[in-house]
Amino acid sequence: MDLSYTPEEEEFRARLREWLGKALPALPSKPSPDDWPARRAYDMGWQRMLYDAGYADVHWDASPTVRLIFLEETEKAGAPYVGAGFVGLLHAGPTIAAEGTAEQRARWLPPILRGEEVWCQGFSEPDAGSDLASLRTRAWRDGDEYVVRGSKIWTSHAEVADWCELLVRTDADAPKHRGISWLAMPMSAAGVTVRPLRTLAGSAEFAEVFLDDVRVPVGNRVGDENDGWRVTMVTLSFERGTAFVGEVVACHRVLRELAAEARKNGRWDDAGVRRRLGRLNAEFRALWRLTQWNVSEAEASGGVPGVGGSVFKLRYSHARQELYDAAAEVLGADALDLDRAWVLDRLSSLSYTIAAGTSQIQQNIVAERILGLPKGRG
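This write-up is about the structure you can find in this document. No experiment lies behind these values; they were computed from the predicted model shown. (Residues numbered from 1 in each chain as written. Predicted model: local features only at pLDDT ≥ 70, side-chain atom pairs only at ≥ 80, totals over all residues. Heavy atoms only, no water.)

**Re unusual backbone geometry**
In the Ramachandran plot, aspartate 213 falls in the positive-phi region, its phi being about 55° despite a non-glycine side chain. Summarising the element assignment, aspartate 213 is placed in strand E7 (residues 206-217). A positive phi is found at asparagine 226, a non-glycine position, where the angle reads about 70°. (Helix = DSSP H or I, 4+ residues; strand = E, 2+ residues; numbered from the N terminus.)

What follows is the structure, encoded as structure tokens:
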């Protein structure tokens with residue numbers, strides 16, 4: 001498989017790199033992490049800059065390779081992360097682009113690209129996390145609307161979102177994977193209540209969302225009724241296939257910084273530390289090549305990442321945790337100082353083997369869909 005770049009792709013890289021060099025110095029200062037309205041404004045302002053420069057559509061109108069180059073170069077340049085635009089740009093938007101009608105694409109994609117609307121993800125529930133298909137939030141038809149009742153948890157950016165990609169059960173009698181529908185729910189609808197959740201790292205980018213007879217137009221359903229599980233697999237393929245690309249580049253940077261810190265504080269003299277950092281360097285280099293392979297596969301299959309994304313997600317989640325465990329070893333006693341670099345990142349890394357599908361779920365996917373092993377029972 002050819003993992004090299006074409007001249008046109010390298011020209012895109014050079015043009016983007018030049019633009020980033022001019023655009024980034026003009027950015028305002030980052031707001032406080034706890035000020036979500038200000039963070040939304042900052043993140044959406046950056047997205048508008050990308051839109052005006054012609055780079056906003058890389059997440060679904062460009063090829064997977066161009067998308068990879070964009071994520072790699074923006075991370076290397078220290079550009080703002082998608083932030084509050086995460087779900088819209090990397091999950092809901094690509095799903096609507098792949099599965100939505102022409103009218104749905106025209107309604108929802110341009111405002112995401114222009115940085116005008118923020119999306120959140122309403123998938124997990126208190127009793128349906130890893131076993132997502134067992135969700136209980138109900139939706140029943142009442143004329144041209146669905147009436148939705150239930151609750152969601154770990155809803156990303158719900159407190160500043162305009163829309164929610166929402167999974168609901170529309171047929172309680174169907175097998176659990178076949179009675180689900182994918183809806184776009186306006187967060188301003190009557191009956192929506194948002195309660196922020198504070199994480200171990202002290203941030204509050206997640207929330208509980210309570211739905212009390214919320215009315216959602218039937219025209220907001222993406223895909224057919226009761227076909228939402230298939231649509232959800234498209235969403236999750238993007239979430240696991242390309243959404244973490246920039247973070248692999250960031251981990252390379254952290255690794256270099258850790259090596260520099262170890263040389264500075266004397267930990268580099270420990271052969272075990274050097275060996276651990278060296279192994280992690282090989283790990284992230286391999287993950288980057290796996291990313292390129294997955295992107296090549298997506299190119300050949302119409303742009304939607306395949307099950308190889310689960311292999312990446314499984315290994316990356318653990319590698320990230322190992323990276324920040326190594327950071328704690330380099331820092332020594334300073335690893336208990338929340339004001340030191342990498343300490344909060346270490347706390348955050350604990351969630352990666354749970355978020356976007358637990359490692360156990362990814363292992364099942366790899367076993368069943370790649371290795372062809374029988375499904376487990378019990």
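Following the structure, the description resumes.
**Quick notes on empty space enclosed by the protein**
Over the atoms rolls a probe the size of a water molecule, and its path tells where empty space is left. Taken as a whole, this structure holds four cavities of 30 Å³ or more when the rule is applied. The space that makes up the largest cavity amounts to roughly 190 Å³. Elements with a contribution of two residues or more to the lining of the largest cavity: helix H2 (36-53) and helix H3 (64-76). With five residues, the single largest contributor to the lining of the largest cavity is H2. In the lining of the largest cavity, the residues fall into ten nonpolar, five polar and two charged. (1 Å grid on protein atoms, 1.4 Å probe; cavity = no way out; pocket = protein on both sides within 12 Å on 5 of 7 lines; lining within 4 Å. Points joined across faces, edges and corners; volume = space filled by probe spheres on them. Nonpolar A, V, L, I, M, F, W, Y, C, P; charged D, E, K, R; others polar.)

**Re the packing of helix H4 (residues 86-99) against helix H5 (residues 102-113)**
The N-to-C vectors of H4 and H5 enclose an angle of 160°; their axes lie 10 Å apart at closest approach. In terms of orientation, H4 lies roughly antiparallel with respect to H5. Note on packing geometry: the crossing formed by H4 with H5 is left-handed. Where H4 approaches H5, its residues Gly88, Leu89, Gly93, Ile96 and Ala97 are matched on the opposing element by Gln104, Arg105, Trp108, Leu109 and Ile112. Class assignment of the residues belonging to the contact of H4 with H5 gives a composition of six nonpolar, three polar and one charged. (Axes fitted to C-alpha atoms, helices over the stretch in contact; angles between N-to-C directions. Parallel < 35°, antiparallel > 145°, perpendicular 65-115°, else oblique. Left-handed = near helix turned anticlockwise from the far one by under 90°. Contact = heavy atoms within 4.5 Å.)

**Concerning the layout of surface pockets**
Taken as a whole, the second largest pocket spans an internal volume of roughly 250 Å³. Top element by residues in the lining of the second largest pocket is helix H7 (residues 245-265). It accounts for four residues. Taken together, the residues of the lining of the second largest pocket sort by class into two nonpolar, one polar and seven charged.

**What to know about the pattern of salt bridges**
For the coordinates displayed, the defined rule picks out 25 salt bridges. Put simply, arginine 149 and aspartate 213 hold a salt bridge, and the shortest N to O gap is 2.7 Å. With a gap of 64 residues between them, arginine 149 in strand E3 (residues 145-152) and aspartate 213 in strand E7 connect regions that are remote in the sequence. For aspartate 213, a relative accessible area of 33% gives the class partly exposed. The partner of arginine 253 in a salt bridge is glutamate 257, with the nearest N and O atoms 3.5 Å apart. Of this pair, arginine 253 and glutamate 257 both sit in helix H7, separated by four residues, roughly a single helical turn. By relative accessible area, arginine 253 is classed as partly exposed at 34%. By relative accessible area, glutamate 257 is classed as partly exposed at 33%. (Salt bridge = Lys/Arg side-chain N within 4 Å of Asp/Glu carboxyl O. Buried < 20%, exposed > 50% of the residue type's maximum accessible area, 1.4 Å probe, protein only.)

**Some words on the packing of aromatic side chains**
What the rule picks out here adds up to eight aromatic pairs. Taking 5.7 Å as the distance between ring centres and 35° as the angle between the ring planes, the aromatic pair formed by tryptophan 19 and tryptophan 46 counts as tilted. A residue pair is termed long-range when its members are at least 10 positions apart, and tryptophan 19 in helix H1 (residues 7-23) and tryptophan 46 in helix H2 qualify at 27 residues. Residue classification places tryptophan 19 among the buried residues on the basis of a relative accessible area of 18%. Plain terms: the ring middles of tryptophan 108 and tryptophan 163 are 5.5 Å apart, the flat faces sit at 75° to each other, and that makes the pair edge-to-face. You can see tryptophan 108 sitting in helix H5 and its partner tryptophan 163 sitting in strand E4 (residues 163-169), a full 55 residues away along the chain. (Phe/Tyr/Trp six-rings, centres within 6.5 Å; stacked < 30°, edge-to-face > 60°.)

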